[in-house]
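Notes for the structure review
Each chain is listed here by its residues.
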Amino acid sequence: MKTLVRIFVILFLLLSVAPPALHAAPAAAAPTTGTPVLPAAAQAAGATPTWWATAQADMARAVPGIDPAGISPTPNWTRFSGQAGARLGRASSGAGDVNGDGFDDLLVGAEWYDNGEVDEGRVYLFFGSPAGLAAEPAWTAESNVAGASFGACATTAGDVNGDGFADVIIGAPLLENGQSSEGRVYLYLGSAAGLGAAPAWTWESDQADARLTCAAAAGDVN
């Protein structure tokens with residue numbers, strides 16, 4: 001009987017005392033590296049909004065090697081269409097280096113811009129430079145077709161003719177030329193002077209309501 005009592009006592013003690021590992025404090029989280037910290041003076045002065053600091057931290061974690069502290073919370077360049085409802089910036093994209101000066105250029109679309117035709121659309125090209133983007137566009141183009149929404153899409157096409165200058169493709173998804181909202185895409189070639197005044201190539205879907213527009217450059221697929 002005494003032996004059974006001793007066994008029960010030993011079992012009770014073993015079960016009531018948890019292994020050390022179960023009571024160990026959790027390991028401290030590893031410090032996040034690469035997260036920028038705003039200077040105390042800047043925080044006190046409110047120079048940089050809290051959301052920007054958070055965005056910088058997210059970028060540092062998402063893209064190894066990025067220096068988000070070099071990205072300004074205020075724009076270095078802005079542009080307005082000067083026309084109500086034009087929707088400037090609805091589409092914007094790098095154009096590549098269309099004039100071969102070593103600096104990338106920018107395309108900006110205003111798909112509902114009016115200039116003789118309602119909602120015909122307009123696209124602007126701004127050259128890059130050591131100082132950033134030019135204040136005024138080096139080139140503009142319009143569809144001259146009412147309701148075409150030219151510039152709903154505008155992007156680089158790569159160098160489609162291999163001349164060393166980037167080319168661009170622009171979409172007008174609501175253009176009608178025999179079919180309702182069939183859409184049309186335009187290709188403009190780059191050169192030392194910039195983009196050509198007239199498209200070098202156009203294409204339509206020839207199907208009602210297809211709303212053909214541009215897509216990303218495919219590169220040299222063959």
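Above this text sits the structure in question.
Below or above, wherever it landed, is the structure these notes cover. Source: prediction; values computed, not measured.

1. Some points on the overall build of the chain
- Regarding its fold elements, the chain presents four helices and eight strands.
- With 222 residues in all, the chain has 30% of them scored as buried.
- The contacts of the chain with a sequence gap of at least 6 include a subset with a gap of at least 24, amounting to 47%.
- Total accessible area computed for the chain in this model is approximately 13500 Å², and 59% of it derives from carbon and sulfur atoms.

2. Section: the state of the cysteines
- Applying the stated criterion across every chain, the model contains one disulfide.
- A sulfur-sulfur distance of 1.7 Å marks the disulfide that ties C153 to C214. On the S-S bond that ties C153 to C214, the torsion sits near -120°, and the link is left-handed. Of this pair, C153 sits in strand β5 (residues 153-158) while C214 sits in the segment after β8 (201-204); the two residues are 61 residues apart in sequence, bridging distant segments of the chain.

3. Quick notes on the side chain of D105
- Considering the arrangement of structural elements, one finds D105 in strand β2 (residues 105-110).
- Of the side chains bearing the opposite charge, R79 lies closest to the buried D105, which forms no salt bridge; the N-O distance is 15 Å.
- A polar contact is formed between the side chain of D105 and the backbone nitrogen of G128, at a distance of 2.8 Å.
- In this view, D105 contacts S93, G94, A95, G96, D97, V98, N99, L125, F126, F127 and G128; residues no more than four positions away in its chain are not counted.

4. Thoughts on the nonpolar core
- L107, W139, F150, Y188 and L195 are the most contacted members of the largest nonpolar core, which has 18 residues in total.
- Breaking this core down by element, the ones donating at least two residues are β3 (122-126), β4 (139-142), β6 (167-172) and β7 (184-188).
- The element best represented in this core is β6, accounting for three residues.
- The residues touching Y188, leaving out its near neighbours within four places in the chain, are W139, A141, F150, D167, V168, I170, L195, G196, A197, A198 and P199.

5. Some thoughts on the sheet that holds β4
- As summarised here, the arrangement of the four strands in space is β1-β2-β3-β4, forming an open sheet in which the pairing is antiparallel. At either margin of the open sheet sits one strand with a lone partner, and together these are β1 (88-96) and β4. Sheet twist, expressed as the average angle between the axes of neighbouring strands with direction ignored, equals 20°.
- Pairing of β1 with β2, which is carried by six bridges, proceeds in the antiparallel orientation. Paired with G94 across the bridge in β2 is L106.

6. Concerning the sheet that holds β8
- Read across the sheet, four strands follow the order β5-β6-β7-β8 without closing on themselves; strand pairing throughout is antiparallel. Looking along the sheet, the strands with just one partner apiece sit at the ends: β5 and β8. Taken pair by pair, the neighbouring strands of this sheet meet at an average axis angle of 20°, ignoring direction.
- Strand direction decides the pairing type here: β6 and β7, joined by five bridges, are antiparallel. Looking at the pairing, V168 lines up with Y188 of β7.

7. Here's the deal with the pattern of salt bridges
- Evaluation of the coordinates by the stated rule reveals five salt bridges.
- As a salt-bridge pair, E111 and R90 come within 3.6 Å of each other at their nearest N and O atoms. Linking E111 in the loop between β2 and β3 with R90 in strand β1, this pair joins segments that are 21 residues apart in sequence.
- The buried category is assigned to E111, whose relative accessible area is 8%.

8. Examining the pairing of β6
- Here β6 lies mainly inside the structure; six of its six residues are buried.
- Side-chain alternation along β6 places D167, I169 and G171 on one buried face and V168, I170 and A172 on a second face that is also buried.

About the cut-offs
Residues numbered from 1 in each chain as written. Predicted model: local features only at pLDDT ≥ 70, side-chain atom pairs only at ≥ 80, totals over all residues. Heavy atoms only, no water. Helix = DSSP H or I, 4+ residues; strand = E, 2+ residues; numbered from the N terminus. Buried < 20%, exposed > 50% of the residue type's maximum accessible area, 1.4 Å probe, protein only. Contact = heavy atoms within 4.5 Å. Areas by Shrake-Rupley, 256 points an atom, 1.4 Å probe, with all protein chains shown as cover. Disulfide = S-S within 2.5 Å. Lys, Arg positive; Asp, Glu negative; His and termini not counted. Salt bridge = Lys/Arg side-chain N within 4 Å of Asp/Glu carboxyl O. Polar contact = N/O pair within 3.5 Å; in protein donor to acceptor, adjacent residues only side chain to side chain. Core = buried A, V, L, I, M, F, W, Y, C linked by side-chain atoms within 4.5 Å. Pairing = 2+ DSSP bridges. Axes fitted to C-alpha atoms, helices over the stretch in contact; angles between N-to-C directions.

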